[in-house]
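# Residue-level structural notes
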Amino acid sequence: MPLYEHVLIARQDLSNTQAEGLIEHFSAVLTDNGGKVIENEYWGVRTLAYKINKNRKGHYAYLRTDAPSAAVQEMERLARLHDDVMRVMTVRVDEHEEGPSIQMQKRDERGDRGDRGDRGDRGDRGDRGGERRERRERA
């Protein structure tokens, strides 16, 4: 069966549990029609690039599936009819990448702000304080 990646954007006024319920609903549609969901990720509420139906933000969800085209068409049809789903995008891929998606990797990198490394003497900033002292001493 062909491999697909789907991104769903749901309305911002849904709760997190309702948004995750949508993921489960569309996963069930795919499995009922002969496909299987390999992985799903909830990316959270993110700012949209432009307003969609007067919304500035939306709940993003990501699905990796192995399903026949009929199952994908049915899932997309139901997603477009669902009032809470603003956009759906499906891309056929040759193979799924291992591990978390790029969006989840970014979140992991941002979350860890522990060791920032050796900051050194900060000589790269210049010694502006020293210049000011010299000017005062000359005056």
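Residues numbered from 1 in each chain as written. Predicted model: local features only at pLDDT ≥ 70, side-chain atom pairs only at ≥ 80, totals over all residues. Heavy atoms only, no water.

Where an unreviewed UniProt entry is consulted, the protein appears under the name Small ribosomal subunit protein bS6, with the organism given as Paracoccus zhejiangensis. Regarding the protein, the relevant UniProt record gives this comment under Function (unreviewed entry): "Binds together with bS18 to 16S ribosomal RNA." In the Sequence similarities (unreviewed entry) part of its UniProt record, the protein is described as follows: "Belongs to the bacterial ribosomal protein bS6 family." (UniProt positions renumbered as here; feature names shortened; annotations may be inferred.)

### Topic: unusual backbone geometry
Look at N53: it is not a glycine, yet its phi comes out positive at around 50°. Non-glycine residue K54 carries a positive phi angle of around 65°. With respect to the element layout, K54 can be found in the loop between β2 (36–52) and β3 (55–66). (Helix = DSSP H or I, 4+ residues; strand = E, 2+ residues; numbered from the N terminus.)

### A short note on the sheet that holds β2
Pairing within the open sheet is antiparallel, and its four strands lie in the order β2-β3-β1-β4. Whereas interior strands pair on both sides, the edge strands pair on one side only; in this sheet they are β2 and β4 (85–93). On average, adjacent strands in this sheet sit at an angle of 20° to one another, irrespective of strand direction. Of the strand pairs in this sheet, strand β1 (residues 3–11) and β3 are connected by nine bridges, and their pairing is antiparallel. Each bridged residue has a counterpart across the sheet, and for V7 the counterpart in β3 is Y62. Docked against the sheet, helix α1 (residues 16–32) engages β1, β2, β3 and β4, running at close to 130° with respect to β2. (Pairing = 2+ DSSP bridges. Axes fitted to C-alpha atoms, helices over the stretch in contact; angles between N-to-C directions. Contact = heavy atoms within 4.5 Å.)

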